[in-house]
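Each chain, written out:
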Amino acid sequence: MTTGPGHSDDTYKRTKSQGALNWGCFSIKQRRLIGGYLVGCYVVEDFDGDRSGYEHWNYFAMCNHGNKSSGVDTRKDAIDQAKMSMDYCSTCASLFELHKK
């Protein structure tokens, strides 16, 4: 999958072509813990969807089920949130239980 600089049209085009749901995604990965399902990291100011609740944050993560993490201040924190989509998405949580070893 792909990761690139935030605030970059080239990065956003690449992540969209890899399956990101919205514009503003700087990283999208297939998460092994949930069976390879896609989770992306987004720049709030570049996100072309609903930004309500994120006015005071820089980044967030969102799984391709459309469920969003809490807002965070750093890219690293957004990537950490992406790895934990089972904490904010019930479908990801079910996939995690299904694929647990």
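Novice: Got a sec to walk through the overall build of the chain? Specific residues and values, please.
Specialist: Across its full length, the chain holds three helices and four strands. The linear arrangement of helices and strands in the chain, starting from the amino end, is β-α-β-β-β-α-α. For 101 residues, the compact-globule estimate of 2.2 N^0.38 gives 13 Å, and the C-alpha radius of gyration of the chain, at 13 Å, lies within 12% of that figure. Overall, the chain is about 40 × 25 × 20 Å in size when its C-alpha atoms are taken along their principal axes. Here the chain, with 101 residues, has 42% of them falling under the buried criterion.

Novice: How would you explain the nonpolar core if you had to name every residue and give the values?
Specialist: Of all hydrophobic cores here, the largest spans 17 residues; its most connected members are Phe-26, Val-39, Tyr-59, Ala-78 and Cys-92. Those elements that place two or more of their residues in this core are strand 3 (37–43), strand 4 (59–63), helix 2 (75–82) and helix 3 (90–99). Counting residues in each nonpolar core, the second largest holds 10 residues, with Ala-20, Leu-38, Val-44 and Phe-60 among its members.

Novice: Please provide a residue-by-residue account of the pairing of strand 2 (residues 25–31), values included.
Specialist: When you tally the buried positions in strand 2, you get five out of seven residues, the bulk of the element. As defined by bridge partners, strand 2 adjoins strand 3 across six bridges and the pair is classed as antiparallel. Note on strand 3: the bridge partner recorded for Ser-27 is Cys-41.

Novice: So what's going on with the state of the cysteines? Residues and values would help.
Specialist: Within this structure, the stated rule accounts for zero disulfides. Cys-63 provides the cysteine sulfur closest to Cys-89, a residue in no disulfide bond, and the two sulfurs are 3.6 Å apart. The exposure class of Cys-89 is buried, given its relative accessible area of 1%. Distance from the sulfur of Cys-92, which forms no disulfide, to the nearest cysteine sulfur (Cys-89) is 3.8 Å.

Novice: For the confidence of the model for the chain, give the residues involved together with the corresponding values.
Specialist: This prediction gives the chain a mean pLDDT of 93; 97% of its residues lie at or above 70. The weakest mean pLDDT in the chain belongs to strand 1 (residues 2–3) at 69; the strongest belongs to strand 4 at 98.

Criteria and cut-off values
- Residues numbered from 1 in each chain as written.
- Predicted model: local features only at pLDDT ≥ 70, side-chain atom pairs only at ≥ 80, totals over all residues.
- Heavy atoms only, no water.
- Helix = DSSP H or I, 4+ residues; strand = E, 2+ residues; numbered from the N terminus.
- Rg over C-alpha atoms; globule rule 2.2 N^0.38 Å.
- Buried < 20%, exposed > 50% of the residue type's maximum accessible area, 1.4 Å probe, protein only.
- Core = buried A, V, L, I, M, F, W, Y, C linked by side-chain atoms within 4.5 Å.
- Pairing = 2+ DSSP bridges.
- Disulfide = S-S within 2.5 Å.
- pLDDT = per-residue confidence, 0-100.

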